[in-house]
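Notes for the structure review
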Amino acid sequence: MNPKILIIGACGQIGSELTTKLRHIYGDNQVVASDISYNNLDIVNSGLFEILDAQDYASLKICIEKYEINTVYLMAAMLSATGEKYPMKAWDLNMNSLFHVLNLAKEGFIKKVFWPSSIAVFGPTTPKVNTPQYTVMEPSTVYGITKQVGERWCEYYFNKYNVDVRSIRYPGIISHKTLPGGGTTDYAVDIYHKALSDGHYECFLTEETELPMMFMDDAIKATVDIMQAPTESIKIRSAYNLAAISFTPREVAESIKKQLSDFTISYAPDFRQDIADSWPKSIDDNEARKHWNWSHEFDLDAITNEMLTNLEKKTLQNS
Ligand code: SER
């Protein structure tokens with residue numbers, strides 16, 4: 001099947017880099033980017049683009065029919081920290097958009113769906129180190145609840161209606177191109193921006209808070225790989241554990257200091273500390289590695305190098 005792709009939430013942190021990658025792989029005419037507003041002009045101006053509210057079933061269906069879409073990447077979501085401020089909005093956005101897409105697939109309008117899950121599906125009762133694929137899952141955030149429920153529905157739609165839906169549990173994603181929005185892992189991006197602009201960062205998590213993280217290039221590779229994998233190799237239809245590295249704020253600071261020796265960090269934990277404390281420190285992603293050959297490339301120092309080099313370049317270009 002030659003994919004004709006719709007990306008929902010194409011202006012967001014992962015959506016924007018995914019859009020660029022998919023346009024590169026499949027061609028500009030095969031990829032329609034969409035979002036609720038024009039908040040990333042690079043994406044809006046670099047190919048097909050539609051304004052689309054992921055919660056509006058009728059508009060979604062019209063768009064899918066208009067472009068004869070067969071594959072949807074549903075990247076619109078409210079993340080963990082913002083979700084705690086607006087619980088019902090997070091529930092509505094995260095669940096309604098998923099049901100719309102799953103139902104369009106069930107009704108035969110689309111053939112293949114990518115929907116991201118997250119390490120937020122785990123909770124305080126989950127084993128924290130090398131968290132297995134199958135384990136206790138009692139998420140304590142609204143975001144985590146939507147992702148866990150979403151996983152159950154994805155598996156249900158696969159089993160009952162043969163919907164080809166694929167998912168991975170993203171860790172915190174680090175990128176120099178787009179800023180994350182409203183997550184608990186956002187510090188791992190902010191810290192590089194502040195290291196260059198101020199030489200200092202005040203972290204909203206404590207220095208020993210270890211969380212699973214991944215460089216954007218690895219996250220995009222995983223997304224493309226799972227969608228390109230033959231159907232029979234996707235043996236898990238809820239969502240795959242996915243891991244690259246784990247680190248603490250202190251370790252990122254040390255990695256930055258290797259390049260910017262004057263950099264300093266202080267700690268002022270806020271409400272996001274509780275969220276971080278409820279999540280795993282590290283993830284066992286053996287199934288993804290075995291079933292569809294997942295492997296990551298970037299470790300912490302490689303990420304630091306990419307982040308500082310590229311953010312510096314951007315500052316020079318803009319000055
Ligand atoms: N990065 C997300 C968050 O912090 C986790 O999936 O909410």
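Higher on the page you've got the structure.
Residues numbered from 1 in each chain as written. Predicted model: local features only at pLDDT ≥ 70, side-chain atom pairs only at ≥ 80, totals over all residues. Heavy atoms only, no water.

Let's shift gears to the packing of aromatic side chains. Within this structure, the stated rule accounts for 12 aromatic pairs. Between Trp153 and Tyr156, the ring centres sit 5.4 Å apart and the planes meet at 75 degrees, which makes this aromatic pair edge-to-face. Here Trp153 pairs with Tyr156, and both are found in helix 6 (residues 142–161), just 3 residues apart, close to one helical turn. Relative to Trp292, the ring of Tyr240 has its centre 5.6 Å away and its plane inclined at 85 degrees; by these criteria the two rings are edge-to-face. Of this pair, Tyr240 sits in strand 12 (residues 240–241) while Trp292 sits in helix 11 (residues 286–292), and the two are 52 residues apart along the sequence. (Phe/Tyr/Trp six-rings, centres within 6.5 Å; stacked < 30°, edge-to-face > 60°. Helix = DSSP H or I, 4+ residues; strand = E, 2+ residues; numbered from the N terminus.)

Running from amino to carboxyl end, helix 1 (residues 13–26) crosses helix 8 (residues 216–228) at an angle of 55 degrees, the nearest separation of the two axes being 10 Å. Classified by the angle their axes make, helix 1 and helix 8 are oblique. As helix 1 runs across helix 8, the sense of the crossing is right-handed. Packed against helix 1, whose contacting residues are Gln13, Ile14, Glu17, Leu18, Lys21, Leu22, Ile25 and Tyr26, the element helix 8 presents Met216, Ile220, Thr223, Val224 and Gln228 at the interface. Residues of the contact of helix 1 with helix 8, tallied by class, amount to 8 nonpolar, 3 polar and 2 charged. (Axes fitted to C-alpha atoms, helices over the stretch in contact; angles between N-to-C directions. Parallel < 35°, antiparallel > 145°, perpendicular 65-115°, else oblique. Left-handed = near helix turned anticlockwise from the far one by under 90°. Contact = heavy atoms within 4.5 Å. Nonpolar A, V, L, I, M, F, W, Y, C, P; charged D, E, K, R; others polar.)

Among the structural elements, Asn241 can be located in strand 12. A distance of 3.2 Å separates a polar side-chain atom of Asn241 from the backbone oxygen of Pro132. Polar contacts involving the side chain of Asn241 include one to the main-chain carbonyl oxygen of Asp284, which spans 3.0 Å. Aside from chain neighbours lying at most four places away, what touches Asn241 is Phe122, Thr131, Pro132, Gln133, Arg169, Ile283, Asp284, Asp285 and Ala288. (Polar contact = N/O pair within 3.5 Å; in protein donor to acceptor, adjacent residues only side chain to side chain.)

Before going further, it helps to examine the environment of His100. Mapped onto the elements of the fold, His100 is located in helix 5 (residues 87–106). For the pair His100 and Ala58, spaced 42 residues apart in sequence, the C-alpha separation works out to 9.3 Å. In contact with His100, not counting residues within four places along its chain, are Ala54, Gln55, Asp56, Tyr57 and Leu60. Polar side-chain contacts of His100 include one of 3.0 Å to the backbone oxygen of Gln55.

Function cannot be read off these values alone, since they describe shape.
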